[in-house]
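Chain by chain, the residues run as shown.
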Amino acid sequence: MMIQGNGVRLRSLRVEDAAEFYLWSCDPEVVQYSLSSFSLPKSQAQYAQWLAQVNDERGSVSLAIECPDSGALIGYAGIVGISQLNRCGEYFILIGDKRYWGRGLGTEVTRLVTEYGFRQLGLNRIELTAFASNPAAVRAYEKAGYVHEGVLRQAGFRHGRFLDKVMMATLASDWLAR
């Protein structure tokens with residue numbers, strides 16, 4: 001699978017991506033707000049094993065984020081917890097290469113993956129959570145068209161304390177009407 005954007009290209013994940021995943025996982029700044037799975041140490045071999053299976057997982061879509069000019073892997077994003085019955089799923093993103101932070105790529109990737117979720121997967125609702133203490137992520141999701149639905153109080157544990165998460169979502173009817 002390949003999805004071309006203006007500043008990024010999305011493709012299927014590959015076993016060869018394990019080295020980058022391992023490097024990202026070793027940088028506390030990169031993974032501080034990421035999925036809990038990054039908080040547990042993993043070897044490059046464990047990432048390779050996971051990448052060998054990830055494209056076959058039912059109920060999720062995980063895509064590599066590439067720089068279209070260089071082909072460099074800069075992150076990954078997707079939708080997990082996809083319910084065919086409820087036609088919903090949860091969006092996630094990690095920009096692992098810090099050289100690409102602050103360029104608006106998070107917003108672009110969010111739009112591309114959300115569009116794919118509604119048009120190709122037939123979802124009705126895509127939701128996400130972001131740490132309230134991560135305003136850059138919240139702004140990126142707002143710019144991409146997600147709306148605030150509430151606050152999950154003390155829903156995550158980082159830096160030795162419990163932190164609130166912001167719950168956001170978008171619906172197919174709102175998205176497709178834009």
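Residues numbered from 1 in each chain as written. Predicted model: local features only at pLDDT ≥ 70, side-chain atom pairs only at ≥ 80, totals over all residues. Heavy atoms only, no water.

## With respect to the confidence of the model for the protein chain
- Here the protein chain shows a mean pLDDT of 92. Residues at 70 or above account for 96%.
- Mean pLDDT per element in the protein chain: helix α2 (residues 28-31) is the minimum at 80, and helix α4 (residues 105-119) is the maximum at 97. (pLDDT = per-residue confidence, 0-100. Helix = DSSP H or I, 4+ residues; strand = E, 2+ residues; numbered from the N terminus.)

## Describing the sheet that holds strand β6 (residues 125-131)
- Taken in spatial order, the eight strands line up as β1-β2-β3-β4-β5-β6-β8-β7 in an open sheet, and their pairing is mixed. Among the strands making up the open sheet, the edge pair consists of β1 (2-4) and β7 (147-158). Pairs of neighbouring strands in the sheet enclose a mean axial angle of 25°, with direction left out of account.
- As judged from the seven bridges shared by strand β4 (residues 73-83) and strand β5 (residues 88-95), these two strands associate in the antiparallel manner. (Pairing = 2+ DSSP bridges. Axes fitted to C-alpha atoms, helices over the stretch in contact; angles between N-to-C directions.)

## A few points about the side chain of R11
- Following the sequence through the fold, R11 ends up in strand β2 (residues 9-12).
- Filtering out sequence-adjacent residues up to four positions away, R11 remains in contact with M1, M2, D17, L63, A64, E66 and L73. (Contact = heavy atoms within 4.5 Å.)

## Considerations on the nonpolar core
- Grouped together as the largest cluster of nonpolar side chains are 33 residues, with contacts concentrated most on L10, I65, Y91, V109, V113, Y141 and Y146.
- Only β3 (61-66), β4, β5, α4, β6, α5 (135-144), β8 (161-171) and α6 (172-177) provide two or more residues apiece to this core.
- With six residues, the single largest contributor to this core is α4.
- With sequence-adjacent residues up to four places away left out, Y141 is seen in contact with Y91, I93, T110, L128, A130, Y146 and M168.
- Within the second largest apolar cluster, 14 residues are counted, among which are L13, Y47, V54 and F92. (Core = buried A, V, L, I, M, F, W, Y, C linked by side-chain atoms within 4.5 Å. Buried < 20%, exposed > 50% of the residue type's maximum accessible area, 1.4 Å probe, protein only.)

## Here's the deal with helix α1 (residues 18-25)
- Taken together, the buried positions of α1 are A18, F21, W24 and S25. Down the axis of α1, the buried set is contained in an arc of 125°. They therefore lie on one face.
- Each element contacted by the buried residues of α1 is listed here: α2, α3 (44-54), β4 and β5. (Arc of directions from axis to C-beta.)

## Comments concerning the pairing of β3
- Burial within β3 is extensive, with six of its six residues counted as buried.
- Side chains V61, L63 and I65 project from β3 onto one buried face, and the interleaved S62, A64 and E66 project onto a second face that is buried too.
- Judged from the six bridges that link them, β3 and β4 form a sheet pairing that is antiparallel. Across the sheet, residue V61 finds its bridge partner in β4, namely I79.
- The hairpin turn running from β3 into β4, its antiparallel successor, is six residues long, and G71 in that turn takes a positive phi close to 80°.

## Quick word on the packing of α4 against α5
- One can describe the packing of α4 onto α5 by two numbers: an axis separation of 8 Å at closest approach and a directional angle of 45°. By the criterion of interaxial angle, the relationship of α4 to α5 is oblique. For the element pair α4 and α5, the recorded crossing hand is right-handed. Along its contact with α4, which presents G106, T107, T110 and R111, the element α5 presents A140, Y141, K143 and A144. (Parallel < 35°, antiparallel > 145°, perpendicular 65-115°, else oblique. Left-handed = near helix turned anticlockwise from the far one by under 90°.)

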